[in-house]
Amino acid sequence: MNNLNYILPEIFISLSIMFLLILGVFKKKSSNLVHYFSIGFLLITGILIFNNSLDLNITLFRGSYIIDSLSSYMKILTILGGAIVLSISRKYLKLFKIFLIEYPILILCSILGMMVMISSNDLIVFYVGLELQSLALYVLASFNRDQLKSSESGLKYFVLSALSSGLLLYGCSLIYGFSGSTNFNLISQSINSDNHFLTFGIVFILVGLAFKISAVPFHMWAPDVYEGSPTSVTLFFAIVPKVAALTIFIRFLYVPFINVIDQWQTIIVFLSIASMIFGAVAAIGQKNLKRLIAYSSIGHIGYSLAGLAPGTNDGIQSSIVYISIYIVMNFGLFSCLLMMKRNDKYFETIDDLSGLSKHHPVLSLSMLIILFSLAGIPPLAGFFAKFYIFKSVIEESMYFLAIVGLLSTVIAAFYYLKIIKVIYFDEEKEKYDTDHSLWLKISLTSSTLLILLYFIFPSKLVEIVSRINII
Amino acid sequence: MDFPILSSLILLPSIGALFLLFSKDQSSNTGKYVALFTSYVNFLISIYLWFLFDPNSSNFQFVEDREWLKGFINYKVGIDGISILFIILTTFVTPLCIISVNNTIKNRLRDFLIAILVMESFMLGVFCSLDLVIFYLFFEAGLIPMFLIIGIWGGARRVYSAFKFFLYTLLGSVLMLVAIISIYWITGTTDVIKLYEIGIDYKYQNLLWLAFFSSFAVKTPMWPVHTWLPDAHVEAPTAGSVLLAAILLKMAGYGFIRFSLGLFPLASETFTPLVYILSLIAIIYTSLVALMQEDMKKLIAYSSVAHMGFVTLGIFTITQQGIEGSIIQMLSHGFVAAALFFCVGVVYDRMHSRLIATYGGLVSVMPKYAILLMVFTLAAIGLPGTTGFIGEFLILIGAFKDNFLVAVIASLGVILGAAYMLWLYRRVVFGELVNNNLLKIKDLDNSEKFILWSLAIPILFFGFYPELLNNTIEISVNDLIENYNFNLNMYTPEVK
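Scoring rules and cut-offs
- Residues numbered from 1 in each chain as written.
- Chains lettered and ligands numbered in written order.
- Predicted model: local features only at pLDDT ≥ 70, side-chain atom pairs only at ≥ 80, totals over all residues.
- Heavy atoms only, no water.
- Contact = heavy atoms within 4.5 Å.
- Buried area = accessible area lost by both parts, 1.4 Å probe.
- Salt bridge = Lys/Arg side-chain N within 4 Å of Asp/Glu carboxyl O.
- Polar contact = N/O pair within 3.5 Å; in protein donor to acceptor, adjacent residues only side chain to side chain.
- Helix = DSSP H or I, 4+ residues; strand = E, 2+ residues; numbered from the N terminus.
- Nonpolar A, V, L, I, M, F, W, Y, C, P; charged D, E, K, R; others polar.
- Buried < 20%, exposed > 50% of the residue type's maximum accessible area, 1.4 Å probe, protein only.
- Lys, Arg positive; Asp, Glu negative; His and termini not counted.

A. A look at the interface of chain A and chain B. Contacts between the two partners involve 37 residues from chain A, matched on the other side by 34 residues from chain B. Across the chain A/chain B interface, buried area totals approximately 3300 Å², and carbon plus sulfur atoms make up 84% of it. The three residues of chain A that bury the most area against chain B are F387, V410 and F425 of chain A, which together make up 20% of that side's buried surface. Across the contact surface, chain A and chain B share zero salt bridges. Counting across the interface, chain A meets chain B through five residue pairs in polar contact (both at pLDDT 80 or more). Secondary structure elements with two or more residues in the side of chain A that touches chain B: α16 (356-359), α17 (361-375), α18 (381-395), α19 (399-425) and α21 (459-465) of chain A. Among the elements that line the side of chain A that touches chain B, the one with the most residues is α19 of chain A, at 14 residues. A per-class count over the side of chain A that touches chain B returns 27 nonpolar, three polar and seven charged.

B. Expanded view of the environment of G360 of chain B. All names here are of chain B. Position of G360 relative to the elements: it lies in the loop between α14 (320-351) and α15 (362-365). G360 sits in the buried class, given a relative accessible area of 3%. Sequence-wise, G360 and R427 are 67 residues apart; in three dimensions their C-alpha atoms are separated by 5.5 Å. In this structure, G360 is in contact with R427, V428, V429, F430, E432, L433 and L438, ignoring residues within four places of it in sequence.

C. Structural view of the side chain of E120 of chain B. Residues and elements named next belong to chain B. Along the polypeptide, E120 turns up in helix α4 (residues 109-128). The charged side chain of E120 is buried without a salt bridge, its nearest counter-charge being K32 at 15 Å. In this view, E120 contacts P13, S39, N42, T90, T91 and T94; residues no more than four positions away in its chain are not counted.

D. Focus on the pattern of salt bridges. Residues and elements named next belong to chain A. As enumerated under the stated definition, the model contains 22 salt bridges over all chains in all. In this structure, R291 engages E227 in a salt bridge whose closest nitrogen and oxygen atoms are separated by 2.7 Å. Note that R291 is positioned in helix α14 (residues 289-308) and E227 in helix α11 (residues 221-228), a separation of 64 residues in sequence. Here R291 and E227 have matching classes, each one buried. Linked by salt bridges that have partners in common, K149, E152, K156, D224, E227 and R291 make up one network.

In structure tokens form, the structure reads like this:
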């Protein structure tokens, strides 16, 4: 019973999902209410996790569930991400007439799944969490069901994701078969690098995870799904599941398989290099901003995976710092995207940004800052994110990874510059609407300021993250 | 701790920019006055700094050391005799750029001023920083405003040039970042003063030197990675070209002195032939290319490459004269190139053409302009009595000390330099007044006169009285060379 205290946030969020379902069904026209409630519940969950304190480190339910600084930090990121997504997408949903009670409830469901995933210390618990979040995401991707593209993206995501889940499950069963346990700690005790079948298991699991985090060569779903889904869902896709997937990457590699680092290190390096280069090169030709963001997020995932390659605490921390800053930048970018609205129609190609700076100086300045930060140009936050990654990579003398990574930032800079070029150098088009919701404005301003002023107190974030010690 | 004079020097332009950001009007004069005021206050501060500066000490002065990235990197700034001159050059040229916007910048004046002021902050940061990471931060950050200056206010092919500028420089710089982080893991610090004391192990020096070189060579720019410069110069607005030529290029020369020589003396010794060859190619080849140019700005851009070739040559002679000459040559080029670009800007604003063929016979319609252009042309050639002479002369003395052949080839460059500059002058100013549109052209207005005279005065003053510059840099350069030779002698037996 004592254990239940620690999983209070999870219990609370499950109860609130049920409550919201009942509320939504029995009260007519309650979508507004459900929306507000779900944001409130998410914030309360966040506070509950915070209350649990970041320095906790305990395992529950016979070691199958773990609450430590990593899980608490990542859960807070997930929940904050979810809450911001909900609050800035209201107007968008209303315009597309998909402002329904299911939307926040599905988001809460997938967040619950992610929280379970983040805290899992056991293959079965992990898989249950993963499926819960994936199922909710399938529905979300096709949420705008009247639109062909949205349904298509949902179906695509479902088919490919189910395939990867199958691979992942097969990997899990191999691991179980050869180590005799599903618990991460027990697996790590019974593992040694002579066992080649175990390596098979690791590879299968990594493939499944790489799919979830959309690392090359398992990224194919990302551009289509990002483009097809409603923008508010794309925003969710681009941010929140990445946090959970990265956590489980860290947990998998560094708890059960830390002793066989020589077996998986090359895989991670490959995934990372492939994602960085492919993300940079493939984005160049894109015309649709959402597709471009998909490729850019593939590239960014490559960088955060690079932090996992060295096998040090420093590396893990740098990766977490990276994903945190990446989230802030993406919120800024998507806020801009959600502001590109004219006469109740949203625009999402790069050409639509043409000459934006003439009519919307503030919006374009924020976008300029965000894009330069995504490109990793100092003194913006994105530079520091990359800096920490390469610092930890070079510490382990992995120069090849570092140099390839930095060179691909130059390639990536090209397509970010291309957007800036369109905004600042090209001829102006019609004005966009300026009646944005307050939340959207707050989200854009705060993310821009965070990015711009990060260099004044660069060690604050690192200090928080440095509490996370896995090894 | 004393008043943080260097930090305020760096921050002040940005604060001015922040003020401008909140002003609504794009094209008001108030914005210009605010920008002008901030930049001139900054100039006065830097002059005051020069007075406070003690030239008899080889230590870094006005050092500020603050915790920044905890336990890893400190925000550390400080100056010695070398950096103070570059700081003054920066604060001197920036206000002139702001004055020049009168005629050149028609749209989005406020944004342009903001970009210039932010740029000034970053440039000052480069010359002040005493930590490799801080240096890198400022060095790279300068790309953002410059990219916008070329891209928004540039000429017809501005997009291509802006991209080329940005990507070339970024590509060069990323390797430097790898090197900087490696230095941190090898020695445990990125603090330049500490690194001078500890030194870096010989076996790493060559690779690190090359990584730094890749960045500085692009920025200098050295042959064969100079191709971004003519494009950037031609397309940038006048003020942008001026900043680019007068200050941005100097960052690399400064970097060579401060980091390549200071941190990797053994590698510098190893790679001296490489630098010599590239510099000589730059001097001869780009001078020949300059001879063939139809476009005035392009011609001056190529002459910049040639002049910077002299600078790198002088630095790597590693003699007192060579390095002092390089520093003076950099300052001189800062004044002269800035002045020449302003001069091109003056006629471009009137005729909207940069082609040499458009002009001819300007002397009869623009006599004042002709006189000032003569001064700058002669300074670019290196006529005695101008700063150009002092710089080139000292560099050549240094080169003769080190390698006779190199010095002889470099001297040829001086002759070529005279050829293309005088020919340019002849074609633009003398000759028949063929183009009838030129009859209506007006001579210099007041702000242009102010800009050009304020550039002509230091060129002549320091040309006759170089002692003032010499006094400031002598001890620092001497110290650098002693340190260099000390390292060389310490390691040489081991290496052999």
